[in-house]
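Here is what each chain is made of, one letter per residue.
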Amino acid sequence: MNRFEYCQARLLESESFVAKDRNIKLYDGDEKTNFEDGEVVLTSHRLLWGRNGEISRGGSCLAMKLKYVLSIDEEEASSMLFGRKKRIILRLSDVASDKMPGPMDHSCSSFVKISGRNGVDPAFVQALHTTVAARVWVVSDDSAQAQVSQSDTSAAGTSGDPSRRQLRIGIVGIERHLAEKQKQTDANINLAFKDLGKLMAMAKDMVAITNVVSTKIRERQGEISEDETVRFKSYLLSLGIDDPVTRDGTRSNSEYFLKLSRQLCEMLLDPIIQAGGMMSLADVYCRVNRARGLELLSPEDLLEACRLFAGPIKLREFPSGAMVLQLESHDDVLVSQRTLELVEQNVSMSPDELARLECISLLLARERLLTAESFGQLCRDESIEGIRFYTNRFI
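Note that the structure is a prediction, hence the values are computed from the model and not measured. Within every chain, residues take consecutive numbers counted from 1 along the sequence as written. Only residues with pLDDT of at least 70 are given local features in this predicted model, and only at 80 or more are side-chain atom pairs given and counted; all residues enter the totals for whole chains, interfaces and linings. Computation of side-chain values covers all heavy atoms of the structure but excludes hydrogens and water.

### Here we look at the packing of helix H8 (residues 332-346) against helix H10 (residues 362-374)
Phase 1 of the analysis: Contact geometry of H8 with H10 gives a least axis separation of 9 Å together with a crossing angle of 100 degrees. Between H8 and H10, the crossing angle belongs to the class labelled roughly perpendicular. Residue-level contacts link Asp332, Val335, Ser336, Arg338, Thr339, Leu342 and Val343 of H8 to Arg368, Leu369, Thr371 and Ala372 of H10.
Phase 2 of the analysis: Under the convention adopted here, Pro, Cys and the residues Ala, Val, Leu, Ile, Met, Phe, Trp and Tyr are nonpolar, Asp, Glu, Lys and Arg are charged, and Gly plus all remaining residues are polar. Classifying every residue of the contact of H8 with H10 gives 5 nonpolar, 3 polar and 3 charged. Only C-alpha atoms enter the line fits that serve as axes; for helices the fit covers just the stretch in contact. Angles between N-to-C directions range over 0 to 180 degrees. Starting at the N terminus, helices and strands are each numbered in turn, a helix being any DSSP run of H or I of at least four residues and a strand any DSSP run of E of at least two. For classification, angles of less than 35 degrees are called roughly parallel, those exceeding 145 degrees roughly antiparallel, those between 65 and 115 degrees roughly perpendicular, and all remaining angles oblique. Working rule for contacts: check all heavy atoms of both residues, and any pair within 4.5 Å makes them a contact.

### Comments concerning the pattern of salt bridges
Phase 1 of the analysis: The rule for a salt bridge is simple: a side-chain nitrogen of Lys or Arg has to be within 4 Å of a carboxyl oxygen of Asp or Glu. Counted according to the given criterion, the structure contains 19 salt bridges.
Phase 2 of the analysis: Ionic pairing is found between Arg338 and Glu358, a salt bridge with its closest N-O pair at 3.0 Å. Of this pair, Arg338 sits in helix H8 while Glu358 sits in helix H9 (residues 351-358), placing them 20 residues apart in sequence.
Phase 3 of the analysis: A simple rule labels every residue: compare its accessible area, found with a 1.4 Å probe on the protein chains alone, to the largest value its type can have, and call it buried under 20%, exposed over 50%, or partly exposed in between. Of the residues examined, Glu358 reaches a relative accessible area of 21% and is grouped as partly exposed.
Phase 4 of the analysis: Between Arg388 and Glu353 there is a salt bridge, with its nearest N and O atoms 3.1 Å apart. Highlighted residues: Arg388 in strand S15 (residues 386-391) and Glu353 in helix H9, separated in sequence by 35 residues.
Phase 5 of the analysis: One network of salt bridges, in which partners are shared, links Asp30, Glu75, Arg87 and Lys113.

### Observations regarding the pairing of strand S5 (residues 46-51)
Phase 1 of the analysis: Most of S5 is tucked away: 5 of the 6 residues are buried.
Phase 2 of the analysis: We call two strands paired when DSSP finds no fewer than two bridges between them. Where strand S4 (residues 38-43) lies against S5, 5 bridges are found, and the strand directions are antiparallel. Note that in S5 the partner of Glu39 across the bridge is Gly50.
Phase 3 of the analysis: Counting the residues that bridge the hairpin from S4 to S5 gives 2 residues.
Phase 4 of the analysis: As paired strands, S5 and strand S6 (residues 60-65) are joined by 4 bridges and run antiparallel to one another. Its bridge partner being in S6, Leu48 is matched across the sheet by Ala63.

### Examining the packing of aromatic side chains
Phase 1 of the analysis: Here a pair means two rings of Phe, Tyr or Trp (six-membered ring of Trp) with centres within 6.5 Å. Their orientation is stacked below 30 degrees between planes, edge-to-face above 60, and tilted elsewhere. The tally for this structure, following the rule as stated, stands at 2 aromatic pairs.
Phase 2 of the analysis: Here Phe35 and Trp49 contribute two aromatic rings whose centre-to-centre distance is 5.5 Å and whose plane-to-plane angle is 80 degrees, an arrangement assigned as edge-to-face. Here the residue Phe35 occupies a position in the loop between strand S3 (31-32) and S4, and Trp49 occupies one in strand S5, the gap between them amounting to 14 residues. Each of the two residues, Phe35 as well as Trp49, counts as buried.
Phase 3 of the analysis: Relative to Phe257, the ring of Tyr256 lies with its centre 5.1 Å away and its plane at 55 degrees, an arrangement referred to as tilted. We note that Tyr256, like Phe257, is buried.
Phase 4 of the analysis: One Lys or Arg, Arg91, reaches over the ring of Phe111 and ends 5.0 Å from the middle of that ring. Charge-over-ring contacts are defined here by two conditions on Lys NZ or Arg CZ: a distance within 6 Å of the ring centre and an angle within 35 degrees of the ring normal.

### Focus: the pairing of strand S9 (residues 111-116)
Phase 1 of the analysis: Counting buried residues in S9 gives 6 out of 6 residues, a clear majority hidden from the surface.
Phase 2 of the analysis: Neither face of S9 is exposed, since Phe111, Lys113 and Ser115 on one face and Val112, Ile114 and Gly116 on the opposite face are all buried.
Phase 3 of the analysis: Bridge count between strand S2 (residues 17-28) and S9: 5 bridges; the pairing is antiparallel. From the neighbouring strand, Asp28 faces S9, where its bridge partner is Val112.

### Side note on the confidence of the model for the protein
Phase 1 of the analysis: Scored from 0 to 100, pLDDT reflects the predictor's confidence in each residue. The pLDDT averaged across the protein works out to 78; a share of 74% of its residues lies at or above 70.
Phase 2 of the analysis: Low confidence marks residues 152-169, where pLDDT is under 50. Its contacts with residues over four positions away, or in another chain, come to 13 contacts.

### Quick look at the nonpolar core
Generally speaking, nonpolar side chains in soluble globular proteins are found buried as a group.
Phase 1 of the analysis: Buried Ala, Val, Leu, Ile, Met, Phe, Trp, Tyr and Cys residues that are joined via side-chain atoms within 4.5 Å together make up what is termed a nonpolar core. Leu47 and Leu90 are the most contacted members of the largest nonpolar core, which totals 29 residues.
Phase 2 of the analysis: Counting residues per element, this core draws most heavily on helix H1 (residues 122-134), at 5 residues.
Phase 3 of the analysis: For Leu90, the residues in contact, after removing those within four places along its chain, are Leu47, Met64, Val69, Ser71, Ile72, Ser110, Phe111, Val112, Ile114 and Leu128.

### Remarks on empty space enclosed by the protein
Phase 1 of the analysis: Two kinds of site are reported from a 1 Å grid over the protein atoms alone, namely cavities, where a 1.4 Å probe fits but cannot get out, and pockets, open sets with protein on both sides within 12 Å along at least five of seven lines, and residues are called lining when an atom falls within 4 Å of a point. Grid points are joined across faces, edges and corners, and a volume is the space filled by probe spheres set on the points. According to the stated counting rule, one finds 1 cavity of 30 Å³ or more in the structure shown.
Phase 2 of the analysis: The computed volume of the largest cavity comes to approximately 60 Å³.
Phase 3 of the analysis: In terms of lining, the largest cavity is formed by Met278, Phe318, His330, Asp332, Val335, Ser336, Leu364, Glu367, Arg368 and Thr371.
Phase 4 of the analysis: When residues of the lining of the largest cavity are traced back to their parent elements, those giving at least two are H8 and H10.
Phase 5 of the analysis: Sorting elements by how many residues they give to the lining of the largest cavity places H10 first, with 4 residues.
Phase 6 of the analysis: Here the lining of the largest cavity is composed, by residue class, of 4 nonpolar, 3 polar and 3 charged.

As structure tokens, this is what we get:
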């Protein structure tokens, strides 16, 4: 805390506002202080702390120059009221000889902590990292030194010493780095699109050949054995191309959706069985369009076709609005029992943990946990870190 000094809440010349957060308290190392429930303001040069409303009115506050900050760390803390939260740790350099008076003249700690009721706003933390890395105050000092050096050189009538040239760091260096990175990204994108163009050209030829062969199979059914037909179609299906149903190949919308529904049911049956009896509509959309090659389906056409499923797959919509395809034989009770067993083995479980454990999408994992909750097998705990499910011990 001995790096902080008293000042008025006003921006200095060449200083700009960056971010702020409320209900913040300061620590001197690991020790609590009386500076609690205040407002912290981050500028391009300093970190300001004041009582709520004082900074906005231009009143007195505490200020610490960002040049003291060597590194920024985080630690996790717990609270009976607000659960887990994070504190920000600022590792500091030695006190400068020209520091103005502040709340402490001496401190045994070489770091300070910033904490809040619910932790520190992640946006503020990100802004703090970016501002400290930019080191705008160094750029300002370099500019001032460069002007002095130029004046001295002009007065002496000599050319500038190369050793006195200042390195371009801070925001200027960051902008240059970002520009170079963007240039490299653009080059990579252009190369990728060239490769994609070649792939599309090859795919068109492959689709054309496949359509010709499929037509010959239909026309010459008697000249090709049944085993050869089945084998050839399996090859096409493994490549993701199996004469997909299109609007151009049907006489009406109703015929198109009916044929599309039958084809999708045949195509998705095995993958849904392998996925445990249920697959999100988003995963279905990606899988179907990947298999159809260039004959892509719109989300609307896919949804309409799925609504016409007559078995063994059906479209299901959860109370949350999530839509999935599931087997008619799918049993929510058995799946919920399996989910309960996993939660009991792990004490508690979040949707993303269940998704990784069962190799399913995050959406399906969440719906499985909510379904088990609706059966009274689980209960939830919601906090700032998300939602977790525990076995229901109230029943």
